[in-house]
Every structure is written in structure tokens, then in C-alpha cells.
Amino acid sequence: MSQSLTDQRHRAELIAELYDLHAAGLFAYCADQLGDLGSASDVLVAVLSSVPATAPPRAALYAFARREIHRRDIVYSPPAVDPLIDPATALVERSLRELRPHQREVLVLCAVCGLSKAELAWVLDVAPDTAEELAVGAGHRLRQSLGTALASTGVRVPKPVADVYGALGVAPLRDVLGRLPWPQPPGALRIHFAGSRTAAPAPLFVKPRWPSPPMWPQPLADADPATSTVIFPAELLTPPSAAQTPVHEATTAPMPKLRDPFSPPRDVLDPGPPLRDPLGSARTLRDPLGELRPRTLHRRPAGLRRPAGW
């Protein structure tokens, strides 16, 4: 059955509203993780084109975008801030680049895109306390990296620059990262999704692009049917259950003991072959399990003599 024109018009208005509300943060997150504006635009189109008839939560949109990001290649791009023109912003950029990839992703989601700790747990598919630890650890690590960079600047700097350095040491992380030139969605995307309607102010601060991808190549995952069928994944519309352990957080199973692949399987109750005396003596050998067993007759190796007194 084809969809009615009324439902199509309602869904188009819903997509336009979602674009005005979340496109800025989604595009900044995708561009930062992928390092390429074209790939970020493709992810944004895939996410917004597959939204259901009812508005999904913001965390579901970011979770779907994260899944699409992991299916694409990473493009490396050099730093964009010139330290001779804006030394303070270049220092922030360098400090953020020194973080681990997962710490950088957490900071972008929380401090730049404005996700809460509960939404962060939803997007990363981790427990809420794990998301809290990740956010606190990433923020603490950025503070350390930024503090080390500020301490290495020296004292011979102009007073306006020194004032900015001092403010960076005490400002909130959102204000610190707000100095960076984050990317904006292309205007053609908004015309595609929202037409010529006037846009409402986006929650993300408006800055030019700051291209800096993660520092590790992410492998391509299996093909996701949602990309080709334009169906939003139903499992992302609800937060992860606290009783269900994600695959990446499951306890590792103990490694099984290895045995000789060429030896046949042995019954644990079978005592096995009789013990062999290397000297060919007539003594009865004792089984390690405590059971006496008669000696197996065999020829004594040449050159070996029977010890005296035997």
C-alpha cells in the first residue's frame, strides 16, 4: 500500500524540524570522526532519510550516525589552525589531537553536541555508570593535556594572548572546544530536507570547519540493510536495557586447554598404557594414581647394564 500524501507531507515536515534541531551537531560529529565533509553529508542524509513517522529521540539519531560512521573509511587531514595567527586556538587543537580516539569521541558528543550522560550511554551502548566514567576521564585527560601545553608556552607572550591562556585553564570544556572551527552542514542539504523555510537557531555554536579525524583507521563493518532500505533500525529507538550486556562488554570466555591434534581422544577413567621402565628392570612400577601395575617385558637397550644388586 502506498503512503498517503498527508502522511508524506507530515513526514517531510518532521524531517525538516529534525534537521533544524540536530543537523549541526550530527554533522560536526560525523565530520570530526570521518575527516571528510562528503562522507559526513552521506551519513547525515542516511540518518535523516530513514527516520520513522514519529520523531525519534536525539540519542537514537546519534547512535544510527555512529553505526554509519563505523562502516566508512577515515580520511586524515592536517591541522587547520595556524599557530601564528591564533596561537590559543592552535593550542586547544593540539591538546585535543593528543587524546585517544574514544576520549575524543566522548568529548565531541558531550561538550560539543551537548549530549547528556544518559544519551551518551545510549549512543555508545554502554552502562550509564560506564558512560559517566568515560566522560569524566576524557574531560580530565583534556584538562591535563591542555595544562601541560599552557605550561610550555613560556612567559614571553603578549598580554592579550596571556589573558586568553589564563581563561582557557579555568573555562568550561564547552567554551574551550567552542574556539575550534567546527564544520557546518552544506546549504544544499538544508534545501533538500527543509526547502526554503527559515531555519531556527541550532543548539551548536556556529564555527568554520576544523578538520581533524581520529588517529586510527576504523575497519569497515558488514553491510547495514538500513542504508539501502531506508529503514531506521528499530533497536536504536529505545535505550539499551541495563540487564543486557553488550557484546563488546561481555566477559571473555576462558581459553580451552589445547591437546595434540594427532592423538585420539582419551577417556578420563582409562589409566592408559602401562608405565615403561627405561632400564628394563623386573621391578613392579607404581602408577602415579597409586595403583601397582606389573612391568611390561621388553628388551633392554643395548649398552645398558643391570645395576649391581638388582
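*Asks:* Report on the overall build of the protein chain, specifying residues and quantitative values.
*Replies:* Of the regular secondary structure elements, the protein chain holds 11 helices and 2 strands. For the protein chain, the proportion of its 310 residues judged to be buried stands at 38%. Excluding contacts between residues fewer than 6 apart, the proportion of contacts in the protein chain whose partners are at least 24 apart in sequence is 75%.

*Asks:* How would you summarise the pattern of salt bridges if you had to cite specific residues and measurements?
*Replies:* Under the criterion given, the structure shown has 10 salt bridges. For the salt bridge of Arg-190 with Asp-20, the shortest nitrogen-to-oxygen distance reads 3.1 Å. Highlighted residues: Arg-190 in helix α10 (residues 187–194) and Asp-20 in helix α1 (residues 5–34), separated in sequence by 170 residues. For Arg-190, a relative accessible area of 14% translates into the label buried. The class of Asp-20 is buried, set by a relative accessible area of 9%. With a shortest N-O distance of 2.9 Å, Arg-72 and Glu-68 are connected by a salt bridge. Note on Arg-72: relative accessible area 17%, which makes it buried.

*Asks:* Got a sec to walk through the side chain of Ser-50? Specific residues and values, please.
*Replies:* Mapped onto the secondary structure, Ser-50 falls in the loop between α2 (37–49) and α3 (58–69). Here the side chain of Ser-50 touches Ala-46 through a polar contact of 2.8 Å, landing on its backbone oxygen. At 3.2 Å, the side chain of Ser-50 and the backbone oxygen of Val-47 are in polar contact.

*Asks:* Would you mind going over the packing of aromatic side chains in detail, with residue names and values included?
*Replies:* A complete count under the given rule lists 3 aromatic pairs for this structure. Each ring, one from Phe-64 and one from Phe-232, has its centre 4.9 Å from the other, and the planes form 70 degrees; the classification is edge-to-face. Note that Phe-64 is positioned in helix α3 and Phe-232 in the loop between α11 (225–229) and β1 (285–286), a separation of 168 residues in sequence. Note on Phe-232: relative accessible area 7%, which makes it buried.

*Asks:* Tell me about α2, residues and numbers included.
*Replies:* An ideal rise of 1.5 Å per residue puts 18 Å on 13 residues; α2 measures up with 18 Å between its terminal C-alpha atoms. Here α2 has its buried residues at Ser-39, Ala-40, Ser-41, Val-43, Leu-44, Ala-46, Val-47 and Leu-48. Near the N-terminus of α2, the side chain that reaches the backbone nitrogen of Gly-38, with its oxygen 3.2 Å away, is that of Asp-36.

*Asks:* Pulling in residues and values, what's your account of the environment of Val-43?
*Replies:* Mapped onto the secondary structure, Val-43 falls in helix α2. Linking Val-43 and Phe-64, residues 21 residues apart in sequence, is a C-alpha distance of 9.0 Å. Setting aside residues no more than four positions away along its own chain, Val-43 makes contact with Cys-30, Leu-34, Ala-65, Glu-68 and Arg-72.

*Asks:* I'd love a proper account of the packing of helix α6 (residues 117–124) against helix α7 (residues 128–151), names of residues and values included.
*Replies:* At a closest axis distance of 8 Å, the pairing of α6 and α7 adopts a crossing angle of 105 degrees. Looking at the two axes, α6 sits roughly perpendicular to α7. In this structure, α6 uses Lys-117, Leu-120, Ala-121 and Leu-124 to contact α7, whose residues at the interface are Pro-128, Ala-131, Glu-132, Leu-134 and Ala-135. Here the residues of the contact of α6 with α7 sort into 7 nonpolar, no polar and 2 charged.

*Asks:* Any details on α7? Residues and values, ideally.
*Replies:* Here α7 contains 24 residues, and its C-alpha end-to-end distance of 35 Å stays within 8% of the 34 Å for a straight helix at 1.5 Å per residue. Listed as buried for α7 are Ala-131, Ala-135, Ala-138, Gly-139, Leu-142, Ser-145, Leu-146, Ala-149 and Leu-150. Packing partners of the buried residues in α7 comprise α4 (87–97), α5 (101–112), α6, α8 (159–168) and α9 (173–177).

*Asks:* Go over the packing of α4 against α8, please, and point to the residues and values.
*Replies:* Where α4 meets α8, the axes come as close as 9 Å, and the angle between the chain directions of the two elements is 30 degrees. Counting all contacts with α4, which are made through Pro-87, Ala-88, Leu-91 and Val-92, the residues of α8 involved are Val-161, Val-164, Tyr-165 and Leu-168. Here the contact of α4 with α8 is composed, by residue class, of 8 nonpolar, no polar and no charged.

*Asks:* If you had to explain the state of the cysteines to someone new, which residues and values would you point to?
*Replies:* Summed over all chains, the structure comprises 0 disulfides. Its sulfur unpaired, Cys-30 is 8.6 Å from the next cysteine sulfur, which belongs to Cys-113. Here Cys-30 falls in the buried class, since its relative accessible area comes to 1%. Considering cysteine sulfurs only, Cys-113 is the nearest to Cys-110, which forms no disulfide, with 9.0 Å between them.

*Asks:* Please provide a residue-by-residue account of the confidence of the model for the protein chain, values included.
*Replies:* Counting all residues, the mean pLDDT for the protein chain is 77, and 63% of those residues have values of 70 or more. Ignoring residues within four places in sequence, the model shows residues 205–218, a span with pLDDT below 50, making 68 contacts including any to other chains.

*Asks:* Mind laying out the environment of Arg-71, listing which residues take part and the relevant values?
*Replies:* When you line up the elements, Arg-71 lands in the loop between α3 and α4. The partly exposed category is assigned to Arg-71, whose relative accessible area is 21%. A C-alpha to C-alpha distance of 9.9 Å links Arg-71 and Val-43, two positions 28 residues apart in sequence.

Procedures and definitions
Residues numbered from 1 in each chain as written. Predicted model: local features only at pLDDT ≥ 70, side-chain atom pairs only at ≥ 80, totals over all residues. Heavy atoms only, no water. Helix = DSSP H or I, 4+ residues; strand = E, 2+ residues; numbered from the N terminus. Buried < 20%, exposed > 50% of the residue type's maximum accessible area, 1.4 Å probe, protein only. Contact = heavy atoms within 4.5 Å. Salt bridge = Lys/Arg side-chain N within 4 Å of Asp/Glu carboxyl O. Polar contact = N/O pair within 3.5 Å; in protein donor to acceptor, adjacent residues only side chain to side chain. Phe/Tyr/Trp six-rings, centres within 6.5 Å; stacked < 30°, edge-to-face > 60°. Expected span 1.5 Å × (residues − 1). Axes fitted to C-alpha atoms, helices over the stretch in contact; angles between N-to-C directions. Parallel < 35°, antiparallel > 145°, perpendicular 65-115°, else oblique. Nonpolar A, V, L, I, M, F, W, Y, C, P; charged D, E, K, R; others polar. Disulfide = S-S within 2.5 Å. pLDDT = per-residue confidence, 0-100.

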